[in-house]
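# Fold and geometry: a report
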Amino acid sequence: MTAADRMAGFLARQSRQCVDFDALAGAADEGDSSLPCSPGRRQVLADAAHELVRRGLARLPAGQNGWDYSAHPPLPLWVKRPSLPRAARTRPGPRAWVPQLSGLAAVQLTPGDHVLLDPVNALLRDRPDAEVVPVAERSYELYGDEKYLHGIERHRLVTRGILDVTVHLRARPAPAPLAMYELGPAPWMLIVENSAAFTGLREVLGGWPDRDQVGWLGYGAGDQLIASLPTAVDAFRERDHPVDRLLLYGDLDLDGLECARQADVRGRRAGLPALLPAVGLYRALLTRTARVVPTAPAARLREAVSWLPLDMAAEVFDLLACGRVLRQEALPLPVLRARLDPAVPLLAQL
């Protein structure tokens, strides 16, 4: 399934005519773990947007104000579904909402809203204490489609606090688990964003002479880290191996740093320690040759680099503001192995 196919499926499930392109981009990322951190992601999204137009499924903004020109190629800020021929419409009659949904009586609801809400109303009427299950399972039960509720947390009724996923849908997110490897007993975990760097560090840490210095190694898989990081809480408990230090080593680019900041917030909400930059590894990465990319807005860059220590944040901001980035692949395994000295405490080098 292509990015355009995933975007088309998401678009078909929307009730609004105008759909934020960020939501479509998120749908394109689903099912392709390489896309969120791919340098070609923007081009893939642009091509998919034009493919939606070719299929007659969407219209793109006509004026410049509807486009994001922060990088190349430009991307639309939103798309519009084509207007359907007007048919005779009958407004849904008043519903007898269960007490948990009584607030809906004061809300102007669309026919699409009723399609969403009527099964929820029946669930709360018949089984108000139903066990809270993963969203996809509740979606299949209520609508016969495991993907119907995908992205429900962005629905306007949810963002306005009228519909609650846990209380009303009796459901909870079930993100893919963080890939974690217990390499030693030390109370820390290092999360690595890209697969090449993860493979190299797994080899180095797996052969570290003093096993007591080694802890957990996690694979972040780009933007998926934001959703998957809270699942580490269960792994630590199941193995009776908690951590007091959580480190991340990712790309020094806008996407990587924004992902780190969001994952830090999500992790702390789940009860994890703060997600800290692996300063030693980033210092090593900063000695390597940068690659040139389109520049990003300065305000976003300043916010993104704030996750780093102050001295490093200033250096990385200057790098990114000049349209240069450092991806983890710039620090290859032989160089990485040479920089990590078994005679020096491991955590201090990370």
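Just so it is clear, the structure is predicted and the values come from calculations on it, not from any experiment.

Rules behind the numbers
- Residues numbered from 1 in each chain as written.
- Predicted model: local features only at pLDDT ≥ 70, side-chain atom pairs only at ≥ 80, totals over all residues.
- Heavy atoms only, no water.
- 1 Å grid on protein atoms, 1.4 Å probe; cavity = no way out; pocket = protein on both sides within 12 Å on 5 of 7 lines; lining within 4 Å.
- Points joined across faces, edges and corners; volume = space filled by probe spheres on them.
- Nonpolar A, V, L, I, M, F, W, Y, C, P; charged D, E, K, R; others polar.
- Phe/Tyr/Trp six-rings, centres within 6.5 Å; stacked < 30°, edge-to-face > 60°.
- Buried < 20%, exposed > 50% of the residue type's maximum accessible area, 1.4 Å probe, protein only.
- Helix = DSSP H or I, 4+ residues; strand = E, 2+ residues; numbered from the N terminus.
- Pairing = 2+ DSSP bridges.
- Contact = heavy atoms within 4.5 Å.
- Axes fitted to C-alpha atoms, helices over the stretch in contact; angles between N-to-C directions.
- Salt bridge = Lys/Arg side-chain N within 4 Å of Asp/Glu carboxyl O.
- Parallel < 35°, antiparallel > 145°, perpendicular 65-115°, else oblique.
- Left-handed = near helix turned anticlockwise from the far one by under 90°.

## A look at empty space enclosed by the protein
This model, assessed by the stated rule, comprises one cavity of 30 Å³ or more. Put simply, the largest cavity is a space of about 40 Å³. Broken down by class, the residue content of the lining of the largest cavity amounts to three nonpolar, three polar and one charged.

## Concerning the packing of aromatic side chains
What the rule picks out here adds up to six aromatic pairs. Centroid distance Tyr-143 to Tyr-148: 4.3 Å. Interplanar angle 20°. Geometry classified as stacked. With relative accessibility at 18%, the residue Tyr-143 sits in the buried group. With a centroid separation of 5.5 Å and 45° between ring planes, the pair formed by Phe-198 and Tyr-219 is classed as tilted. Here Phe-198 is found in helix H7 (residues 195–206), whereas its partner Tyr-219 is found in strand S9 (residues 216–219), with 21 residues between them in sequence.

## Remarks on the pairing of strand S8 (residues 188–192)
S8 sits mainly inside the fold: five of its five residues count as buried. Where burial is concerned, the two faces of S8 agree: the one with Trp-188, Leu-190 and Val-192 and the one with Met-189 and Ile-191 are both buried. Sheet topology places S8 next to S9; four bridges connect them, and they run parallel. Bridging across to S9, Leu-190 finds its partner in Leu-217.

## What to know about the environment of Val-98
Position of Val-98 relative to the elements: it lies in the loop between strand S4 (78–80) and helix H4 (111–126). Judged by relative accessible area, Val-98 falls into the buried class, the value being 9%. Distance in space between the C-alpha atoms of Val-98 and Leu-205 is 56 Å, their sequence separation being 107 residues.

## Some thoughts on the environment of Val-325
Position of Val-325 among the secondary structure elements: in strand S13 (residues 324–325). Taking the C-alpha atoms as reference points, Val-325 and Asp-251, separated by 74 residues in sequence, lie 7.9 Å from one another. Non-local contacts of Val-325, meaning those with residues more than four positions away in its chain, are made with Leu-252, Asp-253, Ala-290, Arg-291, Val-293, Leu-319 and Leu-320.

## Some points on helix H2 (residues 21–29)
Note on helix geometry: an α-helix contains 3.6 residues per turn, so any two residues three or four positions apart are oriented the same way. Most of H2 is tucked away, with seven of its nine residues classed as buried. Every buried residue of H2 is accounted for by Phe-21, Ala-23, Leu-24, Ala-25, Ala-27, Ala-28 and Asp-29. Residues of H2 that are buried sit in contact with helix H1 (3–12), strand S1 (18–20), helix H3 (41–54), strand S3 (75–76) and S4.

## Things to note about the sheet that holds S8
Strand pairs in the sheet, formed through backbone hydrogen bonds, run parallel or antiparallel to each other. Sheet architecture is open: five strands sit in the order S7-S9-S8-S10-S11, paired in mixed fashion. Where the open sheet ends on each side, the last strands, each with one partner, are strand S7 (179–182) and strand S11 (275–277). Direction aside, the axes of adjacent strands within the sheet are offset by 30° on average. In this structure, S7 lies alongside S9, joined through four bridges in antiparallel fashion. For Glu-182, the partnering residue across the bridge sits in S9 and is Trp-216.

## A look at the pattern of salt bridges
For the structure on display, the rule yields 20 salt bridges. Among the salt bridges present, the one from Arg-42 reaches Asp-68, with a minimum N-O distance of 3.2 Å. With Arg-42 in helix H3 and Asp-68 in strand S2 (residues 67–68), this residue pair connects regions lying 26 residues apart in the sequence. With relative accessibility at 17%, the residue Arg-42 sits in the buried group. On the basis of relative accessible area, Asp-68 is assigned to the partly exposed category, the value being 23%. One salt-bridge network, held together by shared partners, links Asp-5, Glu-51, Arg-54 and Arg-55.

## Considering unusual backbone geometry
Residue His-72 is joined to Pro-73 through a cis peptide bond whose omega torsion reads -5°. With respect to the helices and strands, the residue Pro-73 is situated in the loop between S2 and S3. A positive phi is found at Arg-170, a non-glycine position, where the angle reads about 55°. Mapped onto the fold, Arg-170 is located in the loop between helix H6 (156–159) and strand S6 (171–172). With a phi close to 50°, Asp-240 is a non-glycine residue in the positive phi region. Mapping Asp-240 onto the fold places it in the loop between helix H9 (232–238) and strand S10 (245–249).

## Here's the deal with the packing of helix H10 (residues 254–269) against helix H12 (residues 298–305)
Their axes nearest at 8 Å, the elements H10 and H12 cross at an angle of 50°. By the criterion of interaxial angle, the relationship of H10 to H12 is oblique. Once H10 is placed against H12, the crossing between them reads as left-handed. In this structure, H10 contributes Leu-254, Leu-257, Glu-258 and Arg-261 to the contact, and H12 contributes Arg-300, Leu-301, Glu-303, Ala-304 and Val-305. Split into classes, the residues belonging to the contact of H10 with H12 amount to five nonpolar, no polar and four charged.

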